[in-house]
Amino acid sequence: MTARKCMALIAHDLKKQDMAEFAKAHESVLADWWIVATGTTGGRVQEACPGLDVTRLKSGPLGGDQQIGALIATGDVDLLIFFIDPLTALPHDVDVKALTRLATVYDIPMALNRATAERLVDFRPLSAPGAVTVCQG
Ligand SMILES: O=C(CO)COP(=O)(O)O
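What counts as what
- Residues numbered from 1 in each chain as written.
- Predicted model: local features only at pLDDT ≥ 70, side-chain atom pairs only at ≥ 80, totals over all residues.
- Helix = DSSP H or I, 4+ residues; strand = E, 2+ residues; numbered from the N terminus.
- Buried ≥ 20, exposed ≤ 12 C-beta atoms within 10 Å, placed from the backbone.
- Core = buried A, V, L, I, M, F, W, Y, C linked by C-beta atoms within 7 Å.
- Pairing = 2+ DSSP bridges.
- Contact = placed C-beta atoms within 7 Å.
- Axes fitted to C-alpha atoms, helices over the stretch in contact; angles between N-to-C directions.
- Right-handed = clockwise from strand over helix to strand, strands pointing away.

K.L.:
Go over the environment of proline 125 with me, naming the residues and quoting the values.
P.N.:
Within the fold, proline 125 resides in the segment after helix H6 (114-120). Since 14 C-beta atoms lie within 10 Å of it, proline 125 is described here as partly exposed. For the pair proline 125 and glutamate 27, spaced 98 residues apart in the sequence, the C-alpha separation amounts to 18 Å.

Here is the structure:
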């Protein structure tokens, strides 16, 4: 995997338009990241922002959520933005739970809605240049 900081983008179907608009609105920030995304979400992000470095994995219901979970487990994901749809039943709900669980286990900054994503999008991983240093003592 690359040393570049990695942001995972995922959106459920009714949230994909929101994700495309979010990516467009923050295109210059996202340009500094390597983006991994589930298949359909990644396609929408690429359509909205053709210049971004987007790696599309499998579609969520076909294993894409699990692929992103695996990348979290190997330490390759620094930030997860996942626009979930809490009002629609999903066949792969267990995969969604597994992914959000792994992000919690590995303490990955995670936005599950746009309001939080808007606040996290300027996030810099602590190891990145310009990261905020927390004063101790
Ligand atoms: O279902 C998803 C996440 O659970 C998203 O997958 P797609 O981006 O392929 O639609």
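K.L.:
Any chance you could break down the nonpolar core for me, citing the residues and the numbers?
P.N.:
By size, the foremost hydrophobic cluster in this structure holds 32 residues, and its most contacted members are Met7, Ala8, Leu9, Ile35 and Ala37. Put simply, the parts of the chain that give this core at least two residues each are strand E1 (6-11), helix H1 (16-25), strand E2 (34-37), helix H4 (64-73), strand E4 (79-83) and helix H5 (93-105). Among the elements that take part in this core, E1 stands out by supplying six residues, more than any other.

K.L.:
Any chance you could break down the sheet that holds strand E5 (residues 110-111) for me, citing the residues and the numbers?
P.N.:
Strand order in the open sheet made by the five strands is E3-E2-E1-E4-E5, with parallel pairing throughout. The open sheet has two edge strands with one neighbour each: strand E3 (54-56) and E5. With four bridges connecting them, E1 and E2 associate as parallel partners. From the neighbouring strand, methionine 7 faces E2, where its bridge partner is isoleucine 35. Contacts between helix H3 (residues 39-48) and the sheet are confined to E1, E2 and E3, with E3 contributing the most and set at about 150° to the helix.

K.L.:
Mind laying out the pairing of E4, listing which residues take part and the relevant values?
P.N.:
Taking burial as the measure, the five residues of E4 include five buried ones, the bulk of the element. The side-chain alternation of E4 yields two buried faces, one formed by Leu79, Ile81 and Phe83 and the other by Leu80 and Phe82. Alignment of E1 against E4, held across five bridges, turns out to be parallel. Its bridge partner being in E4, alanine 11 is matched across the sheet by phenylalanine 83. In this structure, E4 lies alongside E5, joined through two bridges in parallel fashion. Pairing of leucine 80 across the sheet is with methionine 110, part of E5. Considered for its hand, the β-α-β crossover made up of E4, H5 and E5 is right-handed.

That's the geometry; what it means functionally is another story.
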